[in-house]
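If you want the building blocks of each chain, they are given just below.
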Amino acid sequence: MKEALVKSGYTEERARGLTNKSGRDLNLLLRLIQGLSERPDWATQSEAADLAIAQMLAQWKDENPGDQQAIEELSGNGYGEWIVRIRQAASAKAAPLEFAIGRWKFTSRYESWLYLGGLIGAEVIERFKTLAIKVLSEPDPRLQLRKNQRYAASIYGKERAYSSCLREGIAETLALLGSHCHSLSACRSGLGQEVASLVVRELLAEADSQRWASLNDVLPLLAEAAPDEFLRAVGGASEKPDEPFSGVFSEEGDMFHGGSFMTGLLWALESLAWNDDYLIRVCDILANLAAVDPGGNYSNRPDNSLRGILLPWFPQTVASTDRRHAAVRSTVREYPEVGWKLILKLLPVNHSIGHPTHRPKWRDYIPEDWKDGVTNGQRWEDEGFYAELALDVAGRDSEKLAELLPFYFHIHPRLSNFMENYRNRLLSGDVLNLPEEKRLALWTEISNKTSNHRKYADSDAWKVPDEMLQQLEEVADRLKPQEPEVRHRRLFSGQDMNLYDDTGDWEEQRQRLLEKRIEALKEIKQLGGTAVLRRFWQAVDSPNEVGNACGADETLADDAEYLPVLLESKTDADYRFAVAYIWRRFHSKHWEWIDGMDRSQWSVTAQAEFFAQLPSVQEIWQRAESELGTNKVEYWKRARVHPDRNRLEGFEHAITQLIGNGRSDMAIQCFWLGDLWTGVYLELALLALEKFDPEENRIDAHAIQKIFKHLQEVESIDEKRLATLEWNYLPLLDKHSGGARPMTLYRRLAEQPEFFCEVIRAVYRPRHEVERDDETEGIEDQPEVDESKASMARNAYTLLMDWNYPPGTERGGVFSGDKLKAWLASVKEACVASGHWEAASHQIGEVLYYAPKDGDELWIDSVCDPLDSKDDTEFRRGLRIRIFNSRGVHGFSGGKDEIKLAEKWERIASQAEAKGYGRLGATLRELGKTYREDAKRSITEHRHAFD
């Protein structure tokens, strides 16, 4: 409806208001456009007084005991007799009250409030006030559960006494009392606003973290009910030393469990920020909340709300430019760290995304002619103001000044002197006199920036006038540290791309950069030898590059000085230097360097570490094992074995040693990295999986799935061992992993009746035990759970639920009806005797869904025969469940997808009936009927979920 109105020429805000007030009713929409005048029939009938009571609640669950009790308290009548009159009132022409999916709901709050408000007396308002406090103050019982349990709160019996729709309806009535109290013509002036304020005050005054979290779903409406009272409560609570919102933040779960309990408060503040009078106060509160926000998985955060409200090119407030600027200044003054981060988020970048903030539903804060976005002039003015403010805040702080550099070319020069002022600040005595350590970051960032702009000058994203670049380069020259120990750190920052001169041949540029690094290190070493050089690599971001450069130059290389002491150093920078040094020395000097070095006085640890840094080739590990002798295990515990597909001689020895030394995880990676799937490697792959220790080894699900996929394709593989391994790794092989499936186990289920029966028995209890326990429920205590049996049951259940390889399927994909028949007979005999046939036949029905089809869409006759069995009805129940579940996750299609499915299964039902499979046909026809009912329900639920 909103989209149609916008296309018809209405503004976004006018269309939103009309859509909200009309509640999807086209007749009411027409009356709203024309101007409401004549009272509708439903507002003048004898049941109108009851309808007026009902619209105070707006919506409720018909069978919810708590909702029924609330209605009795408000109406003063029993729910049974009252609802009869409501049904009569709802049957009137165009009445705004509907019943669907167990819920009564007013389709248009605005119209019912306008025409029925005059029937509400002060005594009803007083009862409503008491009821609102009672209902909305109910704690959220989900907070009593662990975060990963909250999604299943109903299963744990942690549900509110009052329905969520009743809470929403009451909160919305409070918003109407506060914003549209003129409709209460039978009450004294201002009563509605007084009641709304009293309820909000009662709910929020001295509220603890549990109360704030429990009110999360209704806070936006409470903010509209009494904005001043709401801001007073939130602001006062946020400024207390023991503020409650840290506790609310702590209740946040991950993206799958727990949810966020701050969203409602943030939306409430965003709604009020649309009002010019409230903007500054709202921003102060959001800044206070941002100061205590520990961060989390959800994007609804106080600092993001601040950015969304104030974003220069997409402001979400009607406040004037001066008010917005004042709000930012206030935030910076009261909360410096939050304010600084906010300014940086408001400054322009090449690519930025803005999202609409929450808008008030009943408060007319937004003019009907409002349009999102601003003129370029207004945007540039805002950005210039924020840039200058940022410069003032940064002062002589070199880190903050460096953070402003990315915005240097993005502030419009016609409306701001930011670029000139920024350069002048960098050239001021306050900055030039900073210690060189402080100036280093600034000089590095400016040098990188100017270098990239020149390097990529052909790109529109990087191209700027040469004069501007020269001005910035002159600043960089003034800031450049003079001490070599400081100045040369830029060469070892770990950001090689910023250090290349142009976009030409990368190999040539790498070589030129290496030469620059070598010259820099020589200059540093001349200042004080190895001691100064060591101090340098411990200070840079990438000591690896220092080690690499030293290893590449004979005048810098000093094996005796660096080795073995640095290999055993507890300082990370020393160790990283040594690793890169060894690697470069080997690639420069090759085998003569290794063989010519005297390591006889080295410790075993140092020797092992030395060889562990060298390539994973046979010549290396032969030397390591020879030199270490009985201590060779120390090498294999450390070796970084990465197969080179061009040098795999003797690699089976390396994998054998890895497995034998508890490093099956690295061995498993070697198989797929080296493409090792033939000969002896197949046995080693099985062994690596068997020796894998999840407590000691890192689980690489992708590598493990790769191994299983290859092993399953080998015809000569030991299937018994492979099946055991698939069972042990079953959690990694499920249908959701996207990799290998436990195909060996699937085949065993389909080919070996005794194995299928064993799995069924692991999951399900015998029928006679279930019946006995049902009879004696509550008489005896349940036995303690055997964890090993429980684990086996979980594995077995996972295997059965994912099983898609039907019995009767032969190797190569051919299907045999005779084999299916024999398999069914064996399973039935065993499972009937053990008391598991009901569960087994249900599972068989599910897997037969994957059996072959004939020329049409129906299964072949040898499959339809058991599915149509008179005695085994569970076959058909299982089939129906698997068909239903096979649809998976789906979206809303207005019932179209459900109708297509209904037609499909009704068509297949007709095919089954035509072949004489009446029972199977009836099951499929019932399924089609279910899909048709789902189509109706989907449309109804979507329509009534409208807000």
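Everything here concerns the structure above.
Residues numbered from 1 in each chain as written. Predicted model: local features only at pLDDT ≥ 70, side-chain atom pairs only at ≥ 80, totals over all residues. Heavy atoms only, no water.

> What exactly am I supposed to notice about the overall build of the chain here?
Tallying secondary structure elements over the chain gives 49 helices and 3 strands in all. For the chain, the spread of C-alpha atoms along the principal axes amounts to about 105 × 90 × 55 Å. Across the 947 residues in the chain, those meeting the buried criterion constitute 50%. A sequence separation of at least 24 residues applies to 71% of the contacts in the chain between residues at least 6 apart. (Helix = DSSP H or I, 4+ residues; strand = E, 2+ residues; numbered from the N terminus. Buried < 20%, exposed > 50% of the residue type's maximum accessible area, 1.4 Å probe, protein only. Contact = heavy atoms within 4.5 Å.)

> Explanation requested: helix H37 (residues 680-691) in the structure shown.
Since the α-helix turns once every 3.6 residues, residues separated by three or four places project in the same direction. Between the first and last C-alpha of H37 there are 17 Å, a value that for 12 residues agrees with the 16 Å anticipated at 1.5 Å per step. Among the residues making up H37, those that are buried are Tyr681, Leu682, Leu684, Ala685, Leu686, Ala688 and Leu689. Packing partners of the buried residues in H37 comprise helix H35 (651-660), helix H36 (664-674), helix H38 (701-712) and helix H39 (719-728). (Expected span 1.5 Å × (residues − 1).)

> It is not clear to me how the side chain of Thr930 should be interpreted in this structure. Could you clarify?
Its location among the elements puts Thr930 in helix H49 (residues 918-944). Discounting residues that sit within four places of it in the chain, Thr930 has contacts with Arg880 and Phe884.

> I would appreciate a short explanation of the sheet that holds strand S3 (residues 103-106) in the present structure.
One open sheet holds the 3 strands; their spatial order is S1-S3-S2, and the pairing between them is antiparallel. A strand with exactly one partner marks an edge of an open sheet, and here the two such strands are strand S1 (59-61) and strand S2 (97-100). Sheet twist, expressed as the mean angle between neighbouring strand axes with direction ignored, is 15°. Of the strand pairs in this sheet, S1 and S3 are connected by 3 bridges, and their pairing is antiparallel. Residue Lys61 lies in a different strand from S3, and its bridge partner there is Arg103. (Pairing = 2+ DSSP bridges. Axes fitted to C-alpha atoms, helices over the stretch in contact; angles between N-to-C directions.)

> Explain the packing of H36 against H37 here, please?
Two numbers describe a pair of packed helices, the interaxial angle and the distance between the axes. Close contact between H36 and H37 brings their axes to 9 Å; oriented N to C, the two are set at 145°. As for the relative orientation of H36 and H37, their crossing is left-handed in sense. Along the contact surface, H36 presents Ser664, Ala667, Ile668 and Phe671, while H37 presents Tyr681, Leu684, Ala685, Ala688, Leu689 and Lys691. Considered class by class, the residues forming the contact of H36 with H37 number 8 nonpolar, 1 polar and 1 charged. (Left-handed = near helix turned anticlockwise from the far one by under 90°. Nonpolar A, V, L, I, M, F, W, Y, C, P; charged D, E, K, R; others polar.)

> Looking at this model, I keep getting lost on the nonpolar core. Mind explaining?
Proteins that are soluble and globular tend to have nonpolar side chains buried together. The biggest cluster of nonpolar side chains holds 148 residues, and the ones touching the most others in it are Trp60, Trp212, Leu222, Phe230, Leu265, Leu404 and Tyr422. In contact with Leu404, other than residues within four places in its own chain, are Trp340, Leu344, Leu347, Ala390, Leu391, Ala394, Phe418 and Tyr422. Counting residues in each nonpolar core, the second largest holds 81 residues, with Leu491, Leu563, Leu566 and Phe671 among its members. (Core = buried A, V, L, I, M, F, W, Y, C linked by side-chain atoms within 4.5 Å.)

> What am I meant to see in the pairing of S2 here?
Here is the key point about a regular strand: its side chains alternate between the two faces of the sheet. Where S2 meets S3, 4 bridges bridge the pair, whose relative direction is antiparallel. The residue bridging Phe99 from the neighbouring strand is Trp104, located in S3. Following S2, the chain reverses through 2 residues before pairing antiparallel with S3; Ile101 in that reversal takes a positive phi of roughly 45°.

> What's the story with the packing of aromatic side chains in this structure? I'm lost.
The way to describe two aromatic rings as a pair is by their centre distance and the angle between their planes. This model, assessed by the stated rule, comprises 38 aromatic pairs. Measuring from centroid to centroid gives 6.3 Å for Trp42 and Tyr115, while their planes differ by 75°, and the two rings are edge-to-face. One end of the pair, Trp42, is in the loop between helix H3 (26-34) and helix H4 (48-57); the other, Tyr115, is in helix H7 (residues 109-116), and 73 residues separate them in sequence. For Trp42, a relative accessible area of 0% corresponds to the buried category. An angle of 80° between the planes, with centres 5.3 Å apart, marks the rings of Phe610 and Phe611 as edge-to-face. (Phe/Tyr/Trp six-rings, centres within 6.5 Å; stacked < 30°, edge-to-face > 60°.)

> Is there a simple way to explain the pattern of salt bridges in this structure?
Pairs may arise between side chains of opposite charge once their charged atoms sit close together. In this structure the tally under the stated criterion is 67 salt bridges. Of the charged contacts, one joins Arg510 and Glu507 as a salt bridge, the two residues approaching to 2.6 Å between their closest N and O atoms. You can see Arg510 and its partner Glu507 sitting in helix H27 (residues 506-539), 3 residues apart, about one turn around the helix. The class for Glu507 is partly exposed, based on a relative accessible area of 48%. (Salt bridge = Lys/Arg side-chain N within 4 Å of Asp/Glu carboxyl O.)

> How do you make sense of the state of the cysteines when you look at a structure like this?
Covalent bonding between the sulfur atoms of two cysteines is what defines a disulfide. Under the definition given, this model contains 0 disulfides. Among the cysteines around Cys757, which has no disulfide bond, Cys831 carries the closest sulfur, lying 3.6 Å off. (Disulfide = S-S within 2.5 Å.)

> How should I be thinking about the environment of Thr605 in this particular structure?
Here Thr605 lies in helix H32 (residues 604-612). Put simply, Thr605 and Glu568 are 37 residues apart on the chain and 7.7 Å apart in space, counted from C-alpha to C-alpha. In this structure, Thr605 is in contact with Glu568 and Arg638, ignoring residues within four places of it in sequence.

> Could you clarify how one ought to interpret the side chain of Glu111 in this entry?
Here Glu111 shows up in helix H7. By relative accessible area, Glu111 is classed as buried at 2%. Ignoring anything within four residues of it in the chain, the contact list for Glu111 reads Leu28, Arg31, Pro40 and Trp42.

> So what exactly am I meant to see when it comes to unusual backbone geometry here?
Most of the time, phi is negative for any residue but glycine, and the peptide bond is trans. A cis amide bond, omega 5°, links Leu563 with the succeeding residue Pro564. On the secondary structure map, Pro564 appears in the loop between helix H29 (559-562) and helix H30 (572-589). Positive phi, close to 60°, is recorded for Ala94, a residue that is not glycine. Residue position: Ala94 is located in the loop between helix H6 (79-90) and S2. Residue class for Ala94 comes out partly exposed when judged on its relative accessible area of 39%. In this structure, Glu206 is a non-glycine residue whose phi angle is positive, near 60°. As for its position among the elements, Glu206 is in the loop between helix H10 (191-204) and helix H11 (209-214).

> Even after reading the chapter, I still don't get the environment of Glu420, so can you show me in this structure?
Its location among the elements puts Glu420 in helix H22 (residues 418-426). The partly exposed category is assigned to Glu420, whose relative accessible area is 43%. Spatially, the C-alpha atom of Glu420 lies 9.4 Å from that of Gln471, the residues being 51 residues apart in sequence.

> Teacher, can you tell me more about the packing of helix H8 (residues 122-136) against helix H9 (residues 164-179) here?
Where H8 contacts H9, the axes come no closer than 10 Å and their chain directions differ by 135°. Classified by the angle their axes make, H8 and H9 are oblique. For the pair H8 and H9, the crossing hand works out as left-handed. Contacts from Ile125, Phe128, Ala132, Val135 and Leu136 of H8 reach H9 at Leu166, Arg167, Ile170, Thr173, Leu174 and Leu177. Partitioned by chemical class, the residues of the contact of H8 with H9 number 9 nonpolar, 1 polar and 1 charged. (Parallel < 35°, antiparallel > 145°, perpendicular 65-115°, else oblique.)

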